[in-house]
Structure formats: C-alpha cells, structure tokens
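Commentary on secondary and tertiary structure
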Amino acid sequence: MEQGFIAKPCALRVGIQDSGPYQAQPNAILEKVFVSITKYPDEKRLEGLSKQLDWDVRKIQCWFRHRRNQDKPPTLTKFCESMWRFTFYLCIFCYGIRFLWSSPWFWDIRQCWHSYPYQPLTSGLYYYYIMELAFYWSLMFSQFIDIKRKDFLIMFMHHLATIGLITFSYINNMVRVGTLVMCLHDVSDFLLEAAKLANYAKYQRLCDTLFVIFSAVFVVTRLGIYPFWILNTTFFESWEMIGPYPSWWLFNGLLLILQVLHVIWSYLIVRIAFKALIRGKVSKDDRSDVESSSEEEEATTNSKSPCGSSSSNGANRVNGHMGSSYWAEE
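Conventions we followed
Residues numbered from 1 in each chain as written. Predicted model: local features only at pLDDT ≥ 70, side-chain atom pairs only at ≥ 80, totals over all residues. Heavy atoms only, no water. Helix = DSSP H or I, 4+ residues; strand = E, 2+ residues; numbered from the N terminus. Buried < 20%, exposed > 50% of the residue type's maximum accessible area, 1.4 Å probe, protein only. Contact = heavy atoms within 4.5 Å. Areas by Shrake-Rupley, 256 points an atom, 1.4 Å probe, with all protein chains shown as cover. Patch = residues over 30% accessible without salt bridge, like charges linked within 9 Å, V, L, I, M, F, W, Y side chains within 5 Å. Salt bridge = Lys/Arg side-chain N within 4 Å of Asp/Glu carboxyl O. Axes fitted to C-alpha atoms, helices over the stretch in contact; angles between N-to-C directions. Parallel < 35°, antiparallel > 145°, perpendicular 65-115°, else oblique. Left-handed = near helix turned anticlockwise from the far one by under 90°. Nonpolar A, V, L, I, M, F, W, Y, C, P; charged D, E, K, R; others polar. UniProt positions renumbered as here; feature names shortened; annotations may be inferred. Core = buried A, V, L, I, M, F, W, Y, C linked by side-chain atoms within 4.5 Å.

Named according to an unreviewed UniProt entry, the protein chain is sphingosine N-acyltransferase originating from Panthera pardus.

So, in structure tokens, the structure goes:
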C-alpha cells in the first residue's frame with residue numbers, strides 16, 4: 001500500500017518516469033546468442049556477428065546493452081522498493097531509540113544480565129521485537145520475488161541469522177541485549193536506502209553525501225561498536241555475571257555469523273567506493289564498456305538517434321557522478 005499510494009507519487013514528483021526500459025530491436029540471431037551463448041560477447045564474437053549481420057560492432061554492443069537492460073527492473077520499481085525499506089528502517093530506528101533512551105541497559109550494558117532470566121517483558125519491548133521479526137520474515141520471503149541483487153546468498157544468510165537471533169533471544173528472554181543489536185543495525189540501514197532514493201532521483205550530490213555518511217556509520221557501528229560493546233558483553237560479561245548458560249554457545253555463534261557478514265559487507269562497501277572513485281577519474285571512456293543503472297537514461301536518448309552513433313554524452317557521464325549509480329546498483 002505504501003508503495004502504491006506514497007512511493008509512486010513521490011517518484012513521479014521527482015521526475016522518475018513510469019515506463020519500462022528501452023526495448024532492443026528484434027533480431028533472431030542476436031537473441032539466440034544472448035539466450036543460448038552469452039550476454040557479454042567478447043571481441044572475437046562481436047566481429048563475427050558484425051560480418052554476419054553487416055552491422056557496426058558498436059551497434060551490436062549497443063544492442064546487447066539494451067537487451068540486458070530489458071531484464072532489469074525499471075527505476076520506478078527500485079525507487080518504490082527502497083522507499084518502503086527506508087520508511088520502515090527510519091521508523092523502527094526512531095522507535096528503538098525512544099524506547100532504549102529510558103532503558104537502564106542502554107546506559108549500562110551490564111544491566112542486560114542483572115536478574116537474568118527473571119526479567120519482565122514490557123509491552124514496548126514486546127512490540128519492538130514483533131515488528132522487527134515480522135519485517136525480517138517479510139524480507140526473507142520477498143527476497144525471491146524482489147529485485148535480484150548480487151549479494152543474494154549473503155543477504156539470505158543474514159536474514160536466517162537475524163530471524164534465528166530474534167526468535168532465540170525472545171524465547172530465552174535475552175531481549176535486552178537483543179534490542180541493542182537491532183537498534184545498532186537499523187542506524188545505518190535507513191541511510192543506505194536514503195542514498196539509493198537520491199541516486200534514483202538523480203540528486204547526485206545528496207546521494208554522494210548520504211553514501212559517505214552511511215559508509216562511516218556502517219564501519220563505526222558494525223566493526224567498532226558491535227564487536228567491542230555487544231560481543232564483549234555477550235562473550236565475557238555474561239559469562240562473568242551468570243556463568244556458561246546452556247544456550248551461550250549457540251547465541252554467541254549466531255552473533256559471530258553477523259560479525260563475519262559485517263566484515264564482508266565492509267569490504268564490499270570499500271571496494272564499491274574505490275571503483276566509483278576510479279571510474280569517476282576516467283575521462284573520454286567508451287560508453288559501451290561501462291554499465292550502470294544510468295543505462296536506462298542512455299537507452300532513452302539512443303532511441304531518438306541511431307544506435308551505432310557515437311555520443312559524447314555517454315563519455316561525459318563517466319566523469320560526473322556515474323560512480324554513485326554504480327554503487328547503488330551494486
């Protein structure tokens with residue numbers, strides 16, 4: 001409902017068109033190569049197809065690029081999906097901060113283990129858990145029908161570990177430390193979705209700024225606060241205060257899985273930022289060698305001119321904020 005009545009009007013208002021990607025010119029030979037052999041033909045195959053069809057090599061490259069874009073979801077769909085997630089992450093983070101601000105274990109994390117396991121489950125804590133659990137279950141199922149990402153397997157493992165942690169901590173009444181873990185994760189998630197929204201709306205300066213803020217918050221919370229604050233209390237302070245309870249190994253094992261994923265994602269973020277920086281410094285590059293989420297706009301431009309013609313606009317885009325489009329698509 002939020003996507004249909006709120007996200008879509010917002011997308012249209014910022015100039016995102018309600019239209020699908022540019023359709024490649026029908027060609028049986030190229031379609032057979034695309035479906036049966038490769039979506040990214042090498043130079044040798046391009047030359048062979050050029051002789052067979054009597055087409056310019058660049059025109060064939062352009063056809064394959066447009067054909068690949070047909071399988072990608074339109075920008076409007078990606079905008080609506082990101083806006084839904086941004087709305088939830090922001091709201092649940094605000095709720096979590098408001099709830100934890102008045103909780104004693106937020107200021108003294110050792111309070112998580114005082115009187116354990118005989119700790120009361122307040123209504124605010126209950127609703128916090130239920131909303132988070134319901135959302136991650138929805139992500140688990142919608143992952144198979146939403147936009148396919150390159151980190152599908154990693155995200156699947158993350159959702160499994162998160163659902164397992166939320167459920168396990170709730171059953172074992174470890175909800176105090178559980179609320180800290182959930183709030184710590186939500187603080188950077190809404191920043192990433194906000195950066196994606198800015199990218200889809202072509203507000204590239206805002207996009208770049210949000211991505212820098214997101215990267216800093218992510219590294220500080222996931223590689224700093226999480227291991228030295230959360231894992232420290234679950235590994236050492238809990239052992240000291242309540243002893244090696246039966247579920248200690250499983251609980252900390254799941255938390256360690258999250259930490260491994262944090263390291264992997266931090267590496268990906270740094271790599272994407274580095275690639276964006278490198279691509280941003282390239283000048284006069286051939287547009288057919290670079291693909292990003294901005295290809296949809298190029299396809300629209302090319303529909304008004306011959307596909308094989310050279311475009312200076314394509315080369316110039318490599319110099320501007322194309323890197324932001326690149327990391328957003330990643």
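So much for the structure itself; the text now carries on.
So, the overall build of the protein chain
In terms of regular secondary structure, the protein chain is built from 14 helices and zero strands. Along the protein chain, helices (α) and strands (β) appear in the sequence α-α-α-α-α-α-α-α-α-α-α-α-α-α when read from the amino end. Here the protein chain holds 330 residues, and the buried ones make up 48% of them. For the protein chain, the share of sequence-separated contacts (at least 6 apart) that also reach a separation of at least 24 residues comes to 81%. For the protein chain, the accessible surface area stands at approximately 16,900 Å², while carbon and sulfur atoms represent 64% of it.

Re a nonpolar patch on the surface
Where nonpolar side chains cluster on the molecular surface, the patch consists of Leu121, Tyr126, Tyr127, Ile130, Met131, Tyr170 and Ile171 and spans about 650 Å² of accessible area. Mapped onto the nonpolar patch, the elements with two or more residues apiece are α7 (123-142) and α8 (152-171). In terms of residues, the nonpolar patch owes the most to one element, α7, which gives four residues. Within the secondary structure, Tyr126 is located in helix α7.

Let's talk about the pattern of salt bridges
Considering all chains together, one arrives at five salt bridges under this definition. When the shortest N-O distance is used, the salt bridge between Glu81 and Arg85 registers 3.5 Å. With a gap of four residues between them, Glu81 and Arg85 both fall in helix α5 (residues 75-101), about one helical turn apart. For the pair Glu81 and Arg85, a shared accessibility class is recorded, and that class is buried.

Examining the packing of α7 against helix α9 (residues 175-200)
α9 packs onto α7 with a crossing angle of 50 degrees between their chain directions and a minimal axis gap of 11 Å. Here α7 is positioned oblique relative to α9, judged by the angle of their axes. Of the two elements, α7 crosses α9, and the hand of that crossing is left-handed. Residue-level contacts link Leu125, Tyr128, Tyr129, Glu132 and Tyr136 of α7 to Val175, Gly178, Thr179, Met182, Cys183, Asp186 and Asp189 of α9. Residue composition of the contact of α7 with α9, grouped by class: seven nonpolar, two polar and three charged.

Overview of the UniProt feature "transmembrane region" (unreviewed entry) in the protein chain
Per the UniProt record, "transmembrane region" (unreviewed entry) is found at residues 86-106, 126-145, 152-171, 210-229 and 249-274. As annotated, residues 210-229 has a helix share of 100% and a strand share of 0%, and its two end C-alpha atoms lie 26 Å apart.

Focus: the environment of Ala195
Residue placement: Ala195 occurs in helix α9. The class of Ala195 is buried, set by a relative accessible area of 0%. Each C-alpha atom of the pair Ala195 and Ser82 lies 9.4 Å from the other, and the pair is 113 residues apart in sequence.

Some details on the nonpolar core
Grouped together as the largest cluster of nonpolar side chains are 53 residues, with contacts concentrated most on Leu180, Tyr226, Ile230 and Phe251. Mapped by element, the contributors of at least two residues to this core are α5, α6 (104-107), α7, α8, α9, α10 (204-242) and α11 (248-281). Setting aside residues up to four positions removed in sequence, Ile230 forms contacts with Ile109, Val177, Leu180, Val181, Leu184 and Ile225. If you look at the next biggest cluster of nonpolar residues, it comprises 10 residues, including Leu30, Val33, Trp55 and Ile60.

Some words on the packing of helix α3 (residues 43-53) against helix α4 (residues 57-70)
α4 packs onto α3 with a crossing angle of 110 degrees between their chain directions and a minimal axis gap of 9 Å. Judged by the inter-axis angle, α3 sits roughly perpendicular to α4. Across the interface between the two elements, Leu46, Leu49 and Ser50 of α3 pack against Val57, Ile60, Gln61 and Phe64 of α4.

As for unusual backbone geometry
Residue Tyr116 is joined to Pro117 through a cis peptide bond whose omega torsion reads 5 degrees. Within the element layout of this structure, Pro117 appears in the loop between α6 and α7. In the Ramachandran plot, Ser115 falls in the positive-phi region, its phi being about 65 degrees despite a non-glycine side chain. Residue placement: Ser115 occurs in the loop between α6 and α7. The exposure class of Ser115 is exposed, given its relative accessible area of 56%. Look at Asn173: it is not a glycine, yet its phi comes out positive at around 60 degrees. Here Asn173 falls in the buried class, since its relative accessible area comes to 15%.

Regarding the environment of Asp186
When you line up the elements, Asp186 lands in helix α9. Taking the relative accessible area as the measure of exposure, Asp186 reaches 1% and is therefore buried. Measuring from C-alpha to C-alpha, the distance between Asp186 and Gly96 comes to 8.9 Å, with 90 residues separating the pair along the chain. Aside from chain neighbours lying at most four places away, what touches Asp186 is Tyr89, Ile92, Phe93, Tyr128, Glu132 and Tyr136.

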